[in-house]
Amino acid sequence: MNPVLEAGAWGLVGGAALVLGAAVAWFVRVPATVTATVMAFGAGVLVSALAFDLMDEAADTGGIGPAALGFLAGSVTYVLANVELNRRGARHRKRSRGKQPSEEEQSGSGGAIAIGALLDGIPESVVLGASLLGGGGVSVGVAVAVFLSNVPEGLSSAAGMKEAGRSARYVFGVWCSIAAISGLAAAAGYAFLGDASPEVVAIITAVAAGAILTMVADTMIPEAFERAHVLTGLITSAGFLLAFTVSRLGG
C-alpha cells in the first residue's frame, strides 16, 4: 500500500474508535462509573505511549533539549487554544453527565465542542502518520494507545452531548467528521514530514506529545476522577501497564 494511504488508514482506524464510543453511548445507557473507569484506563494508555513511544524516540533522535522545548510548545499551544474554547462553552466536552451546556444555555457551544474534540484528536493522528516514517510500519504502541483511549473519549463526550439535548445527527456528524479528518491528518503527518530531517520529526513528535498529555490532564482525568474517585489511580495504572506491555512485545 502507498505509505501516505497507509498512514491515512491508520488515522481513520483511530478516529473510528471515537465513532464506536459515541455509538455505544447513544444506544446504550452506560453507568457513569463505567464511563469513568474506561476514561481512566484510556488516560493511562495514552500516558504510556507518550513516555515510551513518543518522547523517548524524540529525545533519542533530536536530543533532550529540542524534545523538551517541543513538548512545552505543544502543551502551551494546547492550553491557549483550550482557554478560548472553554470560554465558548467547550470546557466539559468530555464530561458524560450534566456538565455540557445546551445550545440554549450557551449559544455557539455546539461548534466549540466540535472544534475542541478536533483539537484533542489531531496531535494523535499526526504522530500515527509520522510513526511510519522509519519504514518499519506503524508504531504498535501508539496505534493501540490511540484506539483504546479514543473509545472512552467518544463514549463520555457523546453521552454528555446526548444529555445536553443534541441530536443524533449532530453527535454522529461530529464524530464521523473527526474520524475522516483524523485520517487526513495522519496522511498529512507522513506526507509533509517525509522529507524532513530526523531532528524536525522529533520536535514535531514532542510538540504532539505535549499537547496530548495536556489534553489528558485537562479533559480525561477530571471526568475519570469525578466518578471513579479512589480507584482512578489504580485503573489508570492498569491502562499504563497494558500499553507498556504491548509496546515492548510489539517492539
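Just so we're clear, the structure is a prediction, and the values are computed from it rather than from any experiment. (Residues numbered from 1 in each chain as written. Predicted model: local features only at pLDDT ≥ 70, side-chain atom pairs only at ≥ 80, totals over all residues. Heavy atoms only, no water.)

### A few points about the UniProt feature "transmembrane region" (unreviewed entry) in the protein chain
In step 1: According to UniProt, the "transmembrane region" (unreviewed entry) feature falls on residues 7-28, 34-52, 64-81, 126-149, 170-194, 200-221 and 228-246.
In step 2: Secondary structure content for residues 7-28 is 95% helix and 0% strand, while the C-alpha to C-alpha distance between its ends is 32 Å.
In step 3: As annotated, residues 170-194 has a helix share of 96% and a strand share of 0%, and its two end C-alpha atoms lie 36 Å apart. (UniProt positions renumbered as here; feature names shortened; annotations may be inferred. Helix = DSSP H or I, 4+ residues; strand = E, 2+ residues; numbered from the N terminus.)

### Digging into the nonpolar core
In step 1: Grouped together as the largest cluster of nonpolar side chains are 30 residues, with contacts concentrated most on Leu46, Leu54, Val142, Ile212, Met215, Val216 and Met220.
In step 2: Broken down by secondary-structure element, the contributors of at least two residues to this core are α2 (32-62), α3 (64-90), α4 (109-130), α5 (140-163), α7 (198-228) and α8 (232-250).
In step 3: Val19, Ala25, Leu155 and Ala179 belong to the second-largest nonpolar core, a separate cluster that totals 17 residues. (Core = buried A, V, L, I, M, F, W, Y, C linked by side-chain atoms within 4.5 Å. Buried < 20%, exposed > 50% of the residue type's maximum accessible area, 1.4 Å probe, protein only.)

### Quick look at the packing of aromatic side chains
In step 1: Inspection of the entire model under this criterion finds four aromatic pairs.
In step 2: On the basis of an interplanar angle of 55° and a centroid distance of 4.8 Å, the ring pair of Phe52 and Phe244 is categorised as tilted. Of this pair, Phe52 sits in helix α2 while Phe244 is found in helix α8, placing the two residues 192 residues apart along the sequence.
In step 3: Judged by relative accessible area, Phe52 falls into the partly exposed class, the value being 36%.
In step 4: Over the ring of Trp26 we find Lys162; its NZ or CZ atom is 5.1 Å from the centre of that ring.
In step 5: For the cation-ring pair, Arg166 lies above Tyr170, with the distance from its terminal atom to the ring centre recorded as 5.6 Å. (Phe/Tyr/Trp six-rings, centres within 6.5 Å; stacked < 30°, edge-to-face > 60°. Lys NZ or Arg CZ within 6 Å of the ring centre and 35° of its normal.)

### Considering the environment of Met220
In step 1: Looking at the element boundaries, Met220 is found in helix α7.
In step 2: A sequence separation of 71 residues divides Met220 from Ser149, and the C-alpha atoms of the two residues are 9.5 Å apart.

### Overview of the packing of helix α1 (residues 3-27) against helix α6 (residues 168-193)
In step 1: Taken N-terminus to C-terminus, the directions of α1 and α6 make an angle of 160°; their axes are 7 Å apart at the nearest point. Considering the angle they form, α1 stands roughly antiparallel to α6. For the pair α1 and α6, the sense of crossing is right-handed.
In step 2: Looking at the contact of α1 with α6 residue by residue, the classes come out as 23 nonpolar, five polar and no charged. (Axes fitted to C-alpha atoms, helices over the stretch in contact; angles between N-to-C directions. Parallel < 35°, antiparallel > 145°, perpendicular 65-115°, else oblique. Left-handed = near helix turned anticlockwise from the far one by under 90°. Nonpolar A, V, L, I, M, F, W, Y, C, P; charged D, E, K, R; others polar.)

### Re a nonpolar patch on the surface
In step 1: There is a patch of nonpolar side chains on the surface, built from Trp10, Val13, Leu20, Val24, Phe27, Val28 and Phe147 and spanning about 610 Å² of accessible area.
In step 2: Broken down by element, the residue count for the nonpolar patch peaks at five residues, all from α1.
In step 3: When you line up the elements, Val24 lands in helix α1.
In step 4: Val24 gets classed as partly exposed once you look at its relative accessible area, which sits at 31%. (Patch = residues over 30% accessible without salt bridge, like charges linked within 9 Å, V, L, I, M, F, W, Y side chains within 5 Å. Areas by Shrake-Rupley, 256 points an atom, 1.4 Å probe, with all protein chains shown as cover. Salt bridge = Lys/Arg side-chain N within 4 Å of Asp/Glu carboxyl O.)

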